[in-house]
Amino acid sequence: MAEISFMYQKVRREFGRPVEFQNNEPEILFEYLPNQSLRDEYTQLDPYEREIENVPSLSEYGTNTAQIETRPKGQTHIEGGWSAAIDYTDLDDKTKYRKKVEREESYFLTCKDLFERHVDKYLKQNNAIDIYEEYFVDQTIDLACGPPSAKTVTVFQDPSPVKRTVSKISWQPDGKKLAIAFCNMKFQGSTEGMTMKSHIWDIHNPNTPELDLIPVSPLCCLQYSPKDSHVIAGGSYNGIVQLWDTRKAGTPDAKTAHPESKSIIDDSHKDPVWDLRWLMSKSGEFLTVSTDGQAFIWDIRNLQKPVESETIVLKPSDKVNDGGPKGVLGGVCIDYDAQVGGPSKYMIGTEQGSILLCNRKGKTAQDKISHCYHGHHGPVYSVMRNPHCSKYFMSVGDWTVRLWTAEDALLKTPMFTTYYHKAYLTNGCWHPARPGVFMTTRMDGVMDVWDLLYRQTAPVLSVQISEFSVNTLACTSEGRHVAVGGVDGSTVLLELSQGLSQIQYEEKNTIETMFTRESSRDRALLQRAKERKGKARKKSNTQQQRGDKEAGGLDEADLQALTKEYLSAVRDREEQDAKQQAELDARRAHLIKLIEEGQEVPNDE
């Protein structure tokens, strides 16, 4: 086999020569253009899902159960099938005809045939195994098994190119979807490219919104209807309220929904609608508040203007407002839960730091505000009754969280106050399942979780949600997940640990006993302070009466003699002061004369 060799020649002076680099313009050596035909065949998948399994494939067998594919579908039901001689709108005619048919022998045979043909199939279907069955429901959760924690499940980002603040979050009653309102809270802060849309997300698809809500003005608040999960009410920045029905969103490809009805701007709020709550009523009503000092109740059957008889001006009477801010107060937040506080009672937090307890059954406008609580140094951003102990409620404002006793004529001060945080508190809510757990958000991007059953002096968990301020949060009905929104347009979905989300043994009785003990202690302290003030007032009155009695023992001659003696002492004092002043002026004049003549001033002067 021939050896392959290559001879390389180079001048001797070139060996060991240092390399010199120079700056040259870029030079295209080769250009490969894209193939347009291949590019046209490319299809972008969004979202793209792919399953990867690192276990061997196994066979699957079914037993007793026939697989049924289901899909949601709407249907319009109209009653029919009646004989032509029967008026189906008349209940008596239908009842007589039904009893007549049930007495016939063919009715029994038909029911027997249906039973024999179908009941066996449905019994086998019900005999399936529930793979999600919980076998230890009553087992107590041990908090010592691990520290409280919260993990991030997903993040929902504002699809707008210019990021906006998450103003409000509302969960669908079944917990599968999330409605998020976006609004720029700065006055005249709208810029080019900023949309007014708010969005509805499916929690299993955080990449793109499922539906876009198109409001007339950016939404500051919104909430799902508790009766119909397809209906959403929202309050806008310009003061109007709007109503959406997601079933009338148009084609599935459009993914947009315009308001079905809206209020007239002249009859709406004059400031932004900061909060909204659905009320328990047959017709469908909801309550809104604004910083214009009014609370409106709207009927969805006629949304153009509010119910005039239910309108409340947030100006408590002097009898109720003891030592609080005067005048009309601006509403910021609402708390309403018919099962907790009653169907006619609701609470309003104001921007002046007061909390108003209102009752729809009041005869006059002033009677509808029954109680007023003061204590915060700034706006109250959240107020909420405890879902398990309805007599107590919490408020979030300035740098603290305060717990109060509701509807108590004696207790007007908070029974519990957290320490003053370094950052401003922006929102808070009670946990729906655990009576002693509540959550708060702060301006430094942290969410705190407090567990009063475990510790009352500090939160048991602090989670850094964002580098920016977080200002709203909403918890699911079962209490396992919490959605937290911030000013950067992101909404973080968190999953709480088992110790924070499941109720402990005898927790409700323990927390209620704790609240009752603290309120009784405050009541006793107030009563003791009141008794001390009464004793001090009585002692002062006694001393005053004794002094008057002693002064009353002098006759007129003695009083005149004392008056003459006092005036004489005052006159002598005035003459002495005048004499001393004259001597001082003479000495000063003498010194000035010596200085002007150039003579030496004696040391004794």
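Basis of the calculations
Every chain's residues receive numbers from 1 upward, in the order its sequence appears when written. The predicted origin of the model limits local features to residues at a pLDDT of at least 70 and limits the giving and counting of side-chain atom pairs to 80 or more, whereas totals for whole chains, interfaces and linings rest on all residues. Note that the side-chain values use all heavy atoms of the structure and ignore hydrogens as well as water. Here a strand is any run of E in DSSP of at least two residues, a helix any run of H or I of at least four, and the numbering for each starts at the N terminus. Any two residues whose heavy atoms approach within 4.5 Å at even a single point are treated as in contact. Throughout, the Shrake-Rupley method with a 1.4 Å probe supplies accessible areas, and for residues the shown protein chains are the sole cover considered. Type-normalised accessible area, obtained with a 1.4 Å probe on protein chains alone, sets the label of each residue: buried when under 20%, exposed when over 50%, and partly exposed for intermediate values. The criterion for an aromatic pair is that two Phe, Tyr or Trp rings (for Trp, the six-membered ring) have centres within 6.5 Å, with stacked assigned to planes under 30 degrees apart, edge-to-face to planes over 60 apart and tilted to the rest. Each ring is checked for a lysine NZ or an arginine CZ that lies within 6 Å of its centre and within 35 degrees of its normal; such an atom marks a charge sitting over the ring. Think of it this way: DSSP has to see at least two bridges between two strands before they count as a pair. Residues enter a patch when their relative accessible area is above 30% and they make no salt bridge; the linking distance is 9 Å between like charges and 5 Å between nonpolar side chains (Val, Leu, Ile, Met, Phe, Trp, Tyr). The term salt bridge refers to a pairing of a side-chain nitrogen on Lys or Arg with a carboxyl oxygen on Asp or Glu at a separation within 4 Å. Under this definition, polar contacts are N or O atom pairs within 3.5 Å; protein pairs additionally need one hydrogen-donor-capable and one acceptor-capable atom, and for neighbouring residues in sequence, both atoms have to be side-chain atoms. In this description, a disulfide is simply a cysteine sulfur pair whose atoms lie within 2.5 Å. Multiplying one less than the number of residues by 1.5 Å gives the expected span of a helix.

Trainee: What exactly am I supposed to notice about the overall build of the protein here?
Mentor: A count of helical and extended segments in the protein gives 6 helices and 29 strands. Looking at the protein alone, contacts between residues at least 24 apart form 51% of all its contacts between residues at least 6 apart. Surface accessibility of the protein: about 40400 Å² in total, with carbon and sulfur atoms responsible for 51%.

Trainee: Would you mind showing me how to read the side chain of Q172 here?
Mentor: Position of Q172 among the secondary structure elements: in the loop between strand 2 (165-171) and strand 3 (177-183). Given the relative accessible area of 9%, Q172 is considered buried.

Trainee: Would you take a moment to explain the packing of aromatic side chains for this structure?
Mentor: Any pair of aromatic rings gets described here by the distance separating the centres and the angle formed by the planes. For the structure shown, the criterion picks out 13 aromatic pairs. Consider the rings of F156 and W201, whose centres lie 5.6 Å apart with planes at 50°: the pair is tilted. One end of the pair, F156, is in strand 1 (residues 150-157); the other, W201, is in strand 4 (residues 198-202), with 45 residues separating them in the sequence. The burial state of F156 is the same as that of W201; both residues are buried. An aromatic cluster is present here, built from Y419, W430, F438 and W450 joined pairwise through their rings. In this structure, K412 is placed above the aromatic ring of Y373, and the distance from its NZ or CZ to the ring centre is 5.3 Å.

Trainee: Can you help me understand the sheet that holds strand 10 (residues 261-262) in this one?
Mentor: The strands making up a sheet associate through backbone hydrogen bonding, with each pair oriented either parallel or antiparallel. If you walk across this open sheet you meet the 4 strands as 6-7-8-10, and the pairing is antiparallel. Taken across any chain shown, the strands that pair with only one partner, and hence form the sheet edges, are strand 6 (219-224) and strand 10. Strand direction decides the pairing type here: strand 6 and strand 7 (residues 231-236), joined by 5 bridges, are antiparallel. Counted as the bridge partner of L219 is S236 from strand 7.

Trainee: What should I look at first to understand a nonpolar patch on the surface in this one?
Mentor: A cluster of nonpolar side chains, namely L29, F30 and Y32, defines an oily patch on the protein surface of about 500 Å² accessible area. Its place among the elements puts L29 in the segment before helix 1 (36-40).

Trainee: Sorry, what's going on with the pairing of strand 21 (residues 400-405) here?
Mentor: The side chains of a regular strand alternate between both faces of the sheet. Counting buried positions along strand 21 gives 6 out of 6 residues, so the element sits mostly inside the fold. A two-sided burial pattern is seen for strand 21, the buried positions comprising T400, R402 and W404 on one face and V401, L403 and T405 on the other. Note: strand 20 (residues 392-397) against strand 21, 6 bridges, orientation antiparallel. Each residue of the ladder has a partner; that of V396, found in strand 21, is V401. Here strand 20 folds back onto strand 21 in antiparallel fashion, the turn holding 2 residues, of which D398 has a positive phi close to 45°. As defined by bridge partners, strand 21 adjoins strand 22 (residues 416-417) across 2 bridges and the pair is classed as antiparallel.

Trainee: I would appreciate a short explanation of the sheet that holds strand 19 (residues 380-385) in the present structure.
Mentor: In spatial order, the strands read 19-20-21-22; together these 4 strands make up an open sheet with antiparallel pairing. At either end of the open sheet lies a strand with only one pairing partner, and these are strand 19 and strand 22. Sheet topology places strand 19 next to strand 20; 5 bridges connect them, and they run antiparallel. Following the sheet pairing, V383 is matched in strand 20 by S395.

Trainee: Just to check I follow, could you spell out the environment of K270 for this structure?
Mentor: You can see K270 is positioned in the loop between strand 10 and strand 11 (273-279). Residue class for K270 comes out exposed when judged on its relative accessible area of 54%. Considered as a pair, K270 and Y237 are 33 residues apart in the sequence and their alpha carbons are 9.5 Å apart. Not counting the four nearest positions on each side in its chain, K270 is found in contact with I265 and D292. Of note is the side chain of K270, whose polar atom sits 2.9 Å from the backbone oxygen of D266.

Trainee: For this particular structure, what's the right way to read the state of the cysteines?
Mentor: Disulfide: a covalent bond formed between the sulfur atoms of two cysteine residues. Enumeration over the complete set of coordinates arrives at 0 disulfides. C221 takes part in no disulfide bond, and the closest cysteine sulfur, belonging to C220, lies 6.6 Å away. No disulfide involves C475; its nearest neighbouring cysteine sulfur is the one of C429, lying 5.7 Å away.

Trainee: Is there a simple way to think about the pairing of strand 26 (residues 461-464) in this case?
Mentor: Only one face of strand 26 is buried: it carries L461 and V463, and the other face, with S462 and Q464, is open. In this structure, strand 25 (residues 446-451) lies alongside strand 26, joined through 4 bridges in antiparallel fashion. In the strand pairing of strand 26, V449 is matched with L461.

Trainee: What is the right way to look at helix 2 (residues 91-102) in this model?
Mentor: Owing to its 3.6 residues per turn, the α-helix brings residues three or four apart onto one side. In a regular helix each residue adds 1.5 Å, so 12 residues correspond to 16 Å; helix 2 covers 17 Å between its end C-alpha atoms and thus fits that length. The opening residue of helix 2, the one whose side-chain oxygen lies 3.3 Å from the backbone nitrogen of D92, is D90.

Trainee: Any chance you could explain unusual backbone geometry here in plain terms?
Mentor: Peptide bonds are, in most cases, trans, and in most cases residues other than glycine have a negative phi. You will see that D398, though not glycine, has its phi angle at about 45°, which is positive. Among the secondary structure elements, D398 is positioned in the loop between strand 20 and strand 21. The phi dihedral of E506 is positive, around 60°, even though this residue is not glycine. Position of E506 relative to the elements: it lies in the loop between helix 4 (498-501) and helix 5 (507-551).

Honestly, it's all geometry; don't read function into it.
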